[in-house]
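# What the coordinates show
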Amino acid sequence: EKSQRSHVCVAVRCRPISEKETAAGATVALHVSDDNQLVLRHKGGDQSYAFDHVFGPEVAQDQLFQTLGMTQLDQAFAGYNSTIFAYGQTGSGKTHTMLNHRGGEQER
């Protein structure tokens, strides 16, 4: 009997800093060092975190969809359960990632 394989992919999307944050003097506390590495500047030091995918604020909605969404659709059409789950605190960018509600028509 074949064993069933489970696959979980963890991706991080960093939203752009908002106008409100910029007006309040906020600065960006993280940067993407490569497609899998996020670096957080905290208390004078850098802390690196690894993920399956890391998307910076400049990444377009369609690139995110091509990388993550198409895989999920392919799996769903093949008859497998598939989920995209957006998680984070209030204001962290969940709606930006799922809907890009502030983007232009071409960016949604």
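Each chain has its residues counted from 1, running along the sequence as written. Confidence filtering applies because this is a predicted model: local features only for residues at pLDDT of at least 70, side-chain atom pairs given and counted only at 80 or more, and all residues used for totals across whole chains, interfaces and linings. Neither water nor hydrogens contribute to the side-chain values; these are computed over all heavy atoms in the structure.

This part covers a nonpolar patch on the surface. A surface patch of nonpolar side chains, amounting to about 330 Å² of accessible area, comprises F65, L73 and F77. Helix and strand definitions follow DSSP, with helices as H or I runs of at least four residues and strands as E runs of at least two, each counted in order from the N terminus. Locating F65 in the fold gives a position in helix α2 (residues 61-77). Judged by its relative accessible area of 38%, F65 falls in the partly exposed class. What makes a patch is a set of residues exposed beyond 30% relative accessible area and free of salt bridges, joined within 9 Å when like-charged and within 5 Å when nonpolar (Val, Leu, Ile, Met, Phe, Trp, Tyr). Using a 1.4 Å probe, the Shrake-Rupley method yields the accessible areas, and only the shown protein chains count as cover for residues. Here a salt bridge means any side-chain nitrogen of Lys or Arg lying within 4 Å of a carboxyl oxygen belonging to Asp or Glu. Whether a residue is buried, partly exposed or exposed follows from its accessible area with a 1.4 Å probe, protein chains only, as a fraction of its type maximum: under 20%, in between, or over 50%, in that order.

This part is about α2. Its maximal kink placed at G69, α2 deviates by approximately 40 degrees. By the burial criterion, the buried members of α2 are Q61, L64, L68 and G69. Backbone geometry just after α2 places G79 at a positive phi near 100 degrees. To get the bend at a residue, fit one axis to the 7 residues ending there and another to the 7 starting there, then take the angle between the axes.

Moving on: the pairing of strand β2 (residues 30-34). We call two strands paired when DSSP finds no fewer than two bridges between them. Bridge count between β2 and strand β3 (residues 37-42): four bridges; the pairing is antiparallel. Residue pairing for β3: H31 is matched across the bridge by V39. Hairpin connection from β2 to β3: two residues lie between these consecutive antiparallel strands.

Turning next to the sheet that holds β3. Pairing is antiparallel across the open sheet formed by three strands, whose spatial order is β2-β3-β4. The strands lining the two open edges of the sheet, one partner per strand, are β2 and β4 (45-50). On average, adjacent strands in this sheet sit at an angle of 30 degrees to one another, irrespective of strand direction. Bridge analysis of β3 against β4 gives six bridges, and the strand direction is antiparallel. The residue of β4 that forms the bridge with V39 is S48. Only the stretch in contact is used when a helix axis is fitted, and all axes are lines through C-alpha atoms; the angle between N-to-C directions ranges over 0 to 180 degrees.

Inspection of the secondary structure puts Q61 in helix α2. Whenever two N or O atoms come within 3.5 Å, that pair is a polar contact, provided that in protein one can donate a hydrogen and the other can accept it, and provided that, for residues adjacent in sequence, both atoms are side-chain atoms. At a separation of 2.6 Å, a polar atom in the side chain of Q61 contacts the side chain of R13.

Moving on, we come to the environment of E21. Along the chain, E21 falls in helix α1 (residues 19-23). When its relative accessible area of 25% is taken as the criterion, E21 is described as partly exposed. In contact with E21, other than residues within four places in its own chain, are R15, P16 and A26. Here a residue-residue contact requires only that any non-hydrogen atoms of the pair lie within 4.5 Å.

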